[in-house]
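Each chain, written out:
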Amino acid sequence: HFFISSSKHFLPALLDTFAEMRRRERWQSWLALCQSWRTKYAEPIQNDKYAYIDIYNFVSILNQETRWDENIVLGSSGSCANTFCQQWQVGAGQKIVFEPAIGAMGLGLPEAIAVALATKPERVILINGDGGFVMNMSELTLVRRYNLPIKMFVQNNGGYGSIKHMQSRNFG
């Protein structure tokens, strides 16, 4: 549908519509369903070989365990970075290094090395996907050689998850 309206009339009507949606029973049932999913999927998924952890819970716990003065580096722009951005609560003084506009895989470890060399912090935390990690894992030699204080967490989603998703979406 197409309509033309003054914001003077449109915005109050839109706000009234949202208020009505909140009052409806469907809205409450939707919230209850979302809460049930949150509860259901917060537990580790068990199978014969591996125990998986919920990435949102992991990010929340890591968030609680970091200090206000730490540098956090997000590798690439895949699902681990997206989850981090949805869940992390940035503390006063924390610096987040993230290059989502570039969209290149493999930036995480080189960026963490650069942050460690440039700022000489007590600890740099790197959150990286397995696909991005594999692209530059040879840089671990620099981390070892210079004894850099990088704590690395690698999300294993089967490799190149964002590439798989894009190819499935665009090519079937």
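Criteria and cut-off values
- Residues numbered from 1 in each chain as written.
- Predicted model: local features only at pLDDT ≥ 70, side-chain atom pairs only at ≥ 80, totals over all residues.
- Heavy atoms only, no water.
- Buried < 20%, exposed > 50% of the residue type's maximum accessible area, 1.4 Å probe, protein only.
- Helix = DSSP H or I, 4+ residues; strand = E, 2+ residues; numbered from the N terminus.
- Arc of directions from axis to C-beta.
- Contact = heavy atoms within 4.5 Å.
- Salt bridge = Lys/Arg side-chain N within 4 Å of Asp/Glu carboxyl O.
- Core = buried A, V, L, I, M, F, W, Y, C linked by side-chain atoms within 4.5 Å.
- Phe/Tyr/Trp six-rings, centres within 6.5 Å; stacked < 30°, edge-to-face > 60°.
- Pairing = 2+ DSSP bridges.
- Axes fitted to C-alpha atoms, helices over the stretch in contact; angles between N-to-C directions.

1. A word on helix α4 (residues 79-87)
For α4, every residue scored as buried is listed here: C80, A81, T83 and F84. Seen from one end, α4 has its buried residues packed into an arc of 165°, which puts them on one side. Those residues of α4 hidden inside the fold are in contact with α3 (55-65), β3 (71-74), β4 (95-97), β5 (124-129) and β6 (150-155).

2. Structural notes on the pattern of salt bridges
One pass over the structure, following the stated rule, counts 4 salt bridges. In this structure, R123 and E70 form a salt bridge, with 2.4 Å as the shortest nitrogen-oxygen distance. Taken as a pair, R123 in the loop between α5 (108-119) and β5 and E70 in the loop between α3 and β3 lie far apart in primary sequence, 53 residues in all. Taking relative accessible area as the criterion, R123 reaches 23% and is therefore assigned partly exposed. What makes E70 buried here is its relative accessible area of 1%. Linked through salt bridges whose partners overlap, the residues forming this network are R67, D69, E70, E122 and R123.

3. With respect to the nonpolar core
Within the largest apolar cluster, 11 residues are counted, these being V73, L109, A112, I113, V115, A116, V124, L126, V143, L148 and I150. At the level of elements, α5 and β5 are the ones that each hand at least two residues to this core. Top element by residues in this core is α5. It accounts for 5 residues. Once residues within four sequence positions are removed from consideration, V143 is found in contact with L109, I113, L148 and I150. Core analysis: the second largest hydrophobic core is formed by 10 residues, V59, L74, W88 and I127 among them.

4. Topic: the packing of aromatic side chains
Overall, the coordinates contain 2 aromatic pairs when judged by the stated rule. Residues F84 and W88 carry aromatic rings whose centres are separated by 4.6 Å and whose planes lie at 25° to one another, so their mutual orientation is stacked. Note on F84: relative accessible area 2%, which makes it buried. Looking at W88, the relative accessible area reads 8%, which means it is buried.

5. Details of the sheet that holds β6
Strand order in this open sheet of 4 strands is β4-β3-β5-β6, and the pairing throughout is parallel. A strand with exactly one partner marks an edge of an open sheet, and here the two such strands are β4 and β6. Averaged over all adjacent pairs, the angle separating strand axes in this sheet is 20°, with direction ignored. Sheet topology note: the β3/β4 ladder contains 3 bridges and is parallel. What sits directly across from V73, in β4, is V97. Across the sheet, α5 touches β3, β4, β5 and β6, and the angle it forms with β5 is around 170°.

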